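What the coordinates show
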Amino acid sequence: MTVRVGVIGTGSISRVGHLPHYRNHPEVELVAVADVDPTRAEKVAAEFGAARWYANPTDMFDSERLDAVSICTANNSHVPLALMAFEHGADVLVEKPLATDLAAARQLADAATKHGRICMVGMTHRFRNDAQALKRFVEAGDLGDLYAARAQILRRRGTPAGWFTNRAVSGGGPLMDIGVHVLDLAWWLAGMPVPETVSGHLVTGIGRYNTVMSSRWRSSDAANQDNGVFDVEDYASAYIRFKNGLVLQLEVSWALNGPQDDNLKVDLYGTKGGVSLDPLTYYSERNDIFLDSSPSIERNDPYEAEIHHFVEAVKTRTQPLIPVEQGVSIVEMLTAIVASAERRREVVLG
Ligand SMILES: NC(=O)c1ccc[n+]([C@@H]2O[C@H](COP(=O)([O-])OP(=O)(O)OC[C@H]3O[C@@H](n4cnc5c(N)ncnc54)[C@H](O)[C@@H]3O)[C@@H](O)[C@H]2O)c1
């Protein structure tokens, strides 16, 4: 079976993480792309060999029979576009964060069930070989009982350019942008426990800066938006208690006066051992002596693995690694962090 795919949004992540891997997939026909910027849609369609391009997703769905779509647009349009895809009988791979508010995320999960559609969230880091290796350690019981976790991405300067700093479009700053990745990874590795209480804090500590010779992710529209709105935090921290007793500390920044580091860091602490991502280490004790191991893992392309996994789920009608319900749980934690920061109080989840 050939899977007929459309891609909505032909900006930065679409060109890095989705289109090349659909184009190269032997069982995918890249039927069309859609972008509200028609010049970009036409150019990207030609670049990646999509048969047709559209200046809006409605026209694409009305004209094409699609089995599946990737949604690679700014955060506030993920849910309406995914609902549109379900109405037209297409399965969905939606970029992170699934949604910017919890009610919309839940609405999407309900719609996926109602329409019998596959809806996977693009939590790319779960597909990294090193993350998959840590998951094996946890599942084999090598850590004993997990009781604490830390999740961090601390950039010295790395505020993305474009709509990311505009809350109405992005839903928030580094929490929604990179916090979603590292929170999801730590939560998944820890066995996806049920959150009970959340305490969060958001700060705009540095805001705009003039630092030169530092890199940052750019929205394809950044050139038009560089002087746009900046009404989000650039540092976020949170403390989450789970019903099974685990606690998780989260810390993310786009700009912070510490060492420059863009790496995603996760530490899991258990009664028998611990693991860390970056550097990838398994901490244990043997014969009453510390024994630290560095698993030997070949690097892979997690974007390619993500697309292959999604196509397989579509073909075989099986639950993907990140079903929409797990995306909803992450949005629940993210929005509770924001609510706690606003109230300056711990939030109790139902
Ligand atoms: N998985 C990852 O590692 C990863 C990395 C970066 C970004 N992302 C996510 O990918 C998404 C896109 O980010 P980006 O950096 O590519 O942004 P971008 O601004 O470069 O691209 C977005 C594109 O979508 C188009 N668009 C916006 N609204 C649309 C609509 N309603 N219909 C059709 N087209 C529309 C824009 O014209 C633009 O071309 C975001 O949700 C972001 O969080 C994920």
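A cis amide bond links K96 to the next residue, P97, at an omega of -15°. Relative to the assigned elements, P97 resides in the loop between β5 (91-94) and α5 (102-115). Across the junction of D278 and P279, the peptide omega takes the value -5°, indicating a cis bond. Positive phi, normally seen in glycine, also occurs at R344, with a value near 55°. In this structure, R344 sits in the loop between α11 (324-343) and β15 (347-348).

The next thing to look at is the domain arrangement of the chain. According to the domain assignment, the chain consists of domain 1 (3-123 + 304-322) and domain 2 (126-300 + 331-348). Taken residue by residue, the interface counts 24 residues in domain 1 and 23 residues in domain 2. In total, about 1,900 Å² of surface goes out of reach between domain 1 and domain 2, with carbon and sulfur atoms giving 64% of it. Put simply, domain 1 and domain 2 have three salt bridges between them. Put simply, D177 and K96 hold a salt bridge, and the shortest N to O gap is 3.2 Å. Between the two partners, domain 1 and domain 2, sit 10 residue pairs in polar contact (both at pLDDT 80 or more). Here the residues of the side of domain 1 that touches domain 2 are counted per class, giving 12 nonpolar, seven polar and five charged.

Let us now look at the confidence of the model for the chain. Averaged over the chain, the pLDDT score is 97; the fraction of residues at 70 or greater is 99%. Element-level mean pLDDT values for the chain span from 76 in helix α9 (residues 222-225) up to 99 in strand β4 (residues 68-71).

Taken together, six strands build an open sheet; the order of strands is β3-β2-β1-β4-β5-β6 and the sheet is parallel. Only two strands of the sheet have a single partner each, and these edge strands are β3 (52-54) and β6 (119-121). Across the sheet, the axes of successive neighbouring strands diverge by a mean angle of 20°, strand direction being ignored. Both β4 and β5 contribute to a ladder of four bridges, which runs parallel. Bridge pairing in β5 links S70 to L93.

Criteria and cut-off values
- Residues numbered from 1 in each chain as written.
- Predicted model: local features only at pLDDT ≥ 70, side-chain atom pairs only at ≥ 80, totals over all residues.
- Heavy atoms only, no water.
- Helix = DSSP H or I, 4+ residues; strand = E, 2+ residues; numbered from the N terminus.
- Domains from an automatic or database assignment.
- Contact = heavy atoms within 4.5 Å.
- Buried area = accessible area lost by both parts, 1.4 Å probe.
- Salt bridge = Lys/Arg side-chain N within 4 Å of Asp/Glu carboxyl O.
- Polar contact = N/O pair within 3.5 Å; in protein donor to acceptor, adjacent residues only side chain to side chain.
- Nonpolar A, V, L, I, M, F, W, Y, C, P; charged D, E, K, R; others polar.
- pLDDT = per-residue confidence, 0-100.
- Pairing = 2+ DSSP bridges.
- Axes fitted to C-alpha atoms, helices over the stretch in contact; angles between N-to-C directions.

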